[in-house]
Amino acid sequence: MRFRCSILLVLLLVTAAAHAQFFPYPIQKRTLGNGLDVIVIETPEFKDVLSFNTMILAGSGRENEKGRTGLAHLFEHIVFRHKHDTPEAYDPNIEKLGAFNNAYTWYDITYYHPLTFTSNLDRLAQLEASRFRELTYSERVFRTEAGAVYGEYRRSASDPGLRIEEILGDLMYGPAHGYGHSTIGYLDDVKDMPNAYKSAQAFYDAYYRPNNAIVIVAGDVKAEQVFATVEKSFGSWKPKKTPAQPDPKPFNGPKKQHETWPSDIPPRVVVAYMIPPYTPGTAESAVIDVMADLMGGETAPLYRKLRYEDQVASELFVDQGSARGFDARPLGAYVTVAKDKYDAQGRPLLDRIDSDVATAFEGLSSFSSQPGSARRLESIQSQLRYDILAGLNSPANIAQAFADFYRFSRDPQAMENVAQAIANLKPADVDAFAKKYFTPKNRVSVTLTPQGGAK
Amino acid sequence: MKRLFLLLLIVGCATAPAPAPAPAPEVQTAPPPPPAYAPGEPKVVTLDSKAPLINIRVMITHGSTSDPAGKEGLANLTSDAITDGGFRSGDAIVTKEQLAEMTMPWGSGARPTVFTTARATTFFFTAPREVIGQYITDVLRPTITQPVFEAKEIDRLKNEAMSHITSLRTEDLETLGLSAIDQYVLAGTSYEHAVVGTETSIPAMTRDDVVRFYRDYYRPENAIVGISTSDAAIVAQVRDAVRAMNADAKTPPPAVAVSKPESFTGRHAVVIEEPNAPAASVHLGFPIGVNRKDADFWPLYVANVWLGTHRDGFGQLYQKIREERGYNYGDYSYIEHWSGRPFSLFQTFNQPREQQYFSIWIRPVKHEHAVHLMKAATYELEQMIRNGLTAEQVEGAKKKARVLYLNLAETVPRLVGARVDDAFFGAQSGFLDAYLANIDRVTPEQVNAAIRRHLSTANIKYLVVTSTPHVQNTVAQIRSNGPVWGKTWQEYEFTQAKLADGTPVWQIPEAKMPAVQLDAAWAYYPLDVQDVKIGNVKDLFAVGKLLR
């Protein structure tokens, strides 16, 4: 009897867990007449904190004009200079208010995320709305910011990671598509940015529209008050239909590229696959979500082989390319090769690593028949669940985590759907994904070695 | 304590049956033996968070400044060998691979990680509340008390440390400069070498060295524990685990003196040749005698917010160099060392130091602009020292400082981390707990007095990283002590005109005049550098000093 009771209890707990909300905060949504989605997440335990975020659903992936890459990111800078040198200038007014204020640009989004005290809600909403609604700046300031972006490029250019990103984008999408270049843009385009004033204006006009944006407010706030405030300040922002993103040309792999690097760095080997656009709540996207741990985590056979057994990699990670990345992108393993092993073995070592990585990815087509696969997948599913929960640790992080998934379908249940899809994942789903996408036809390999070769 | 009691009892038993002694003759007796060593207690700080995951960190108050000479990097290797070298569990050994599998279902934070810095080594453990008891028993406790230091893992970690040095030298210009200025300013102290070690010391380290370091320094009295819950059972369980570190030690842990920086007068410069650096990185610094424990810390903190808040547009340096002139991506100043830059936007915790230095960091600029901006940074610092801050400027900086609090205190792990640091410094009030009150109390008089007491442009060390073709010119410009402009006249986009006698001149519009005047003040500011050394990037991280 006692035994039976505990079984019953376990079953009840499991059932309860299956139906419990994953995201611990209620989501409240209102869509304004101009198409702007407003999301409020009340988190009263973070006393007096206001996280006020605006996501523009466009980033460098929409830069399809030749010679004009990097404009989305440049625009992120310009938006901070709204009405400069006037009493309504954005930046000094924010300073007066007192807010931490920053933004970032990526392939499909530009995210503005000031953080301040709740008592500043009205004023902050006015300042934010003004810069998105009626951005004003001079050509002189445009040129100054273009110079700062060039500085940012120089800062990143000493990292071979940027070059690899450029090559991957180029090989997979080609230079004509917005995904074919890195977010910061090509060096020549960045240098020429001071002359891109008109193209930049056109970018703003096309994409900074309420129907192409989401406002997410989290913190010690009351939803109704936020809705009223945002309506008042953002309500007159004029909508406009945004241009459709052209489909990339079908990819035809496998493709390979080798690159040399001027300084004596440890070589890199990257093997990546073209994967489908992220769609929260689907089994395919849940496979994408677990891939970083399945292939690049410390328990992954590939990771152990290259890092620990052969000790030919000093670093290995798998970029899962899920929600925060762009909608369709390479998913793959990034390997930093141990310099001493490369110096001793030279190019054949890189070819071997390339082949090991490809074999591991393509071998996932029989993942379900590999011993212990179900148990490993369960561990990863549990890990991912706790990792997402652990990340919900401040109003800003809560807002961002939610927006990352919400933006795809604009469904307030997006995060629940993602959690559910991850929980429901079975080894056979990994097989199916690998059979479809981890194939030579979808594969790109990039190697990067120091100019002088192995020593 | 328990062991001491037992020892007294045995002594008592042994002496009890002895017959009553005859009256002792008047002789000189030997001094009583020193009391047997009893380990001290760890310091424990807690928070009362209800979050679903519990965050625990164990700080050992030793880091790279405790590395023996010739074994630079030993603190780092030891801590890595603790998280990666396996531990004993009953009769079995749990390898890092098994540990990864075991902890995976509890989230990524459950796999122990470590952060080794100059003065402290901190281990991080995070697990869901519902399994925390099991986690402490099965993971946290054996990690810190039963490490086995597998030899093959130590070899692998040594190789990785060597690769790390290669990466430092060749990949990220900013991290390289930030690491080098730290070594340069604190030359002559145990802070001078990089935490990872050097290319001569890393191969020289053995497993025995690692075991000795662990035995010497991983002791309860050297530990500070931070826990995100105040649940008594959990706290007791963690405290017990930490008490069990080297519980059989017979002698107290060695004391390590942290030496003072070698005194230097005047201005000095090092130009590092990084053959293919795409841009130049400019740094300056000098030691200061202020840390979080001192009364002057908060006034100086406010002054620094005004001059150069990290990764923020508020500071003067940023405003003038980047915002108004577009020379680079950002320009900041610091009163505390802080690794994690350039990437972290805010001070990260658990890297406390008693010995700090003031520094300015000019993010990558065109090679040709490096010397001009060395001058600009020094000039702006000197102006702040000479003129002090107005009440209005102090108020503005205090406002910015209050806003910074929103990020500094943003998450539970940050709050726990800050409390651990508070215990390290033995500060009267917590850095974050009393942050807002401390900022509110700062007066303009205190700010200006603290600036005068601790900042000066008399003694400065400069460090520039630049590419091979620009080294000689940079050195020549510094040595010449003459004017060095940043932008060219063409870049100012002035119109050209001719005087009556036909001499060509630039016409400067009135609106641009103040900016040009400041540019001229920077250009003509004398650097007065006494000596300039040139080093190749390969000379960095080679031996226990800045340059080979």
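To keep things clear, this report deals only with the structure shown in the data block. (Residues numbered from 1 in each chain as written. Chains lettered and ligands numbered in written order. Predicted model: local features only at pLDDT ≥ 70, side-chain atom pairs only at ≥ 80, totals over all residues. Heavy atoms only, no water.)

Things to note about the overall build of chain A
Then, in step 1: For chain A, the helix and strand inventory stands at 17 helices and twelve strands.
Then, in step 2: Its C-alpha radius of gyration of 24 Å places chain A within 12% of the 23 Å reference for a compact globule of 455 residues.
Then, in step 3: For the C-alpha atoms alone, the extent of chain A along its principal axes is close to 75 × 65 × 35 Å.
Then, in step 4: Burial analysis of chain A (455 residues in total) assigns 60% to the buried set. (Helix = DSSP H or I, 4+ residues; strand = E, 2+ residues; numbered from the N terminus. Rg over C-alpha atoms; globule rule 2.2 N^0.38 Å. Buried < 20%, exposed > 50% of the residue type's maximum accessible area, 1.4 Å probe, protein only.)

Here's the deal with the interface of chain A and chain B
When the parts of a complex come together, some accessible area is lost, and that lost area is often used as the size of the interface.
Then, in step 1: At the junction of the two partners, chain A supplies 59 residues and chain B supplies 53 residues.
Then, in step 2: Note on chain A versus chain B: buried area summed over both sides is about 4700 Å², and carbon and sulfur give 55% of it.
Then, in step 3: Considering only the side of chain A, the residues that lose the most area to chain B are R154, R155 and Y386 of chain A, jointly responsible for 15% of the buried surface there.
Then, in step 4: There are six salt bridges connecting chain A and chain B.
Then, in step 5: Two residues, E160 of chain B and R307 of chain A, come together in a salt bridge whose shortest N-O distance is 2.1 Å.
Then, in step 6: Between chain A and chain B we count 14 residue pairs in polar contact (both at pLDDT 80 or more) in total.
Then, in step 7: At the level of secondary structure, the elements contributing two or more residues to the side of chain A that touches chain B comprise helix 3 (90-97), strand 6 (115-117), helix 5 (139-157), helix 11 (301-309), strand 10 (313-319), helix 12 (339-345), helix 14 (373-391) and helix 15 (395-409) of chain A. (Contact = heavy atoms within 4.5 Å. Buried area = accessible area lost by both parts, 1.4 Å probe. Salt bridge = Lys/Arg side-chain N within 4 Å of Asp/Glu carboxyl O. Polar contact = N/O pair within 3.5 Å; in protein donor to acceptor, adjacent residues only side chain to side chain.)

Quick notes on the nonpolar core
Then, in step 1: Ranked by size, the top nonpolar core spans 149 residues in total, and within it M291, F361 and F438 of chain A together with Y301, F358, Y435 and L455 of chain B carry the most contacts.
Then, in step 2: When residues of this core are assigned to their parent elements, the largest contribution, ten residues, is made by helix 12 (residues 370-387) of chain B.
Then, in step 3: Sequence-distant contacts of L455 of chain B, defined by excluding residues within four places in its chain, comprise F286, I288, L300, F358, L381, M384, I385 and A450 of chain B.
Then, in step 4: Membership of the second largest hydrophobic core comes to 70 residues, among which are V94, L157, M205 and M245 of chain B. (Core = buried A, V, L, I, M, F, W, Y, C linked by side-chain atoms within 4.5 Å.)

Description of the packing of helix 11 (residues 316-323) of chain B against helix 12 of chain B
Residue and element names in this part refer to chain B.
Then, in step 1: Two numbers describe how helix 11 lies on helix 12: the axes approach to 10 Å, and their chain directions differ by 150°. With respect to their mutual orientation, helix 11 and helix 12 come out roughly antiparallel. In this structure, helix 11 meets helix 12 at a crossing whose hand is right-handed. Mapping the contact onto sequence places L317, K320 and I321 in helix 11 and L373, A376, A377 and E380 in helix 12.
Then, in step 2: When the residues that make up the contact of helix 11 with helix 12 are grouped by side-chain class, the tally is five nonpolar, no polar and two charged. (Axes fitted to C-alpha atoms, helices over the stretch in contact; angles between N-to-C directions. Parallel < 35°, antiparallel > 145°, perpendicular 65-115°, else oblique. Left-handed = near helix turned anticlockwise from the far one by under 90°. Nonpolar A, V, L, I, M, F, W, Y, C, P; charged D, E, K, R; others polar.)

Concerning helix 3 (residues 96-103) of chain B
Then, in step 1: Of the positions making up helix 3 of chain B, those classed as buried are K96, E97, L99, A100 and T103 of chain B. One side of helix 3 of chain B carries all its buried residues, which in axial view fall inside an arc of 160°.
Then, in step 2: The secondary structure elements touched by the buried residues of helix 3 of chain B are helix 11 of chain A together with helix 2 (74-84), strand 3 (87-89), strand 4 (92-94), helix 4 (132-145) and helix 5 (151-170) of chain B. (Arc of directions from axis to C-beta.)

Topic: the pairing of strand 7 (residues 223-227) of chain B
All names here are of chain B.
Then, in step 1: With five of five residues buried, strand 7 lies mostly within the body of the structure.
Then, in step 2: Residues A223, V225 and I227 point to one face of strand 7 and I224 and G226 to the other, with burial holding for every one of them.
Then, in step 3: Bridge count for strand 1 (residues 43-46) against strand 7 is four bridges, and the pairing is parallel. Looking at strand 7, one finds that V45 is bridged to G226. (Pairing = 2+ DSSP bridges.)

Quick look at unusual backbone geometry
Working note: non-glycine residues mostly have negative phi, and peptide bonds are mostly trans.
Residues and elements named next belong to chain A.
Then, in step 1: Residue P254 is bonded to the preceding G253 through a cis peptide linkage, with omega at -5°.
Then, in step 2: Of note in this structure, D48 is not a glycine but carries a positive phi near 70°.
Then, in step 3: Relative to the helices and strands, D48 resides in the loop between strand 2 (37-42) and strand 3 (49-56).

Looking at the sheet that holds strand 2 (residues 53-60) of chain B
Residue and element names in this part refer to chain B.
Then, in step 1: A sheet is described by the order of its strands in space; here five strands give the open sequence 1-7-2-6-5, paired in mixed fashion. Single-partner strands in this sheet number two, and they are strand 1 and strand 5 (113-116). Each neighbouring strand pair of the sheet contributes to a mean axis angle of 15°, computed without reference to strand direction.
Then, in step 2: Most of the contacts of helix 2 go to strand 5, to which it runs at about 175°, and overall it touches strand 5 and strand 6 (121-128).
Then, in step 3: Here helix 4 sits on the sheet in contact with strand 2 and strand 6, set at roughly 160° to strand 6.

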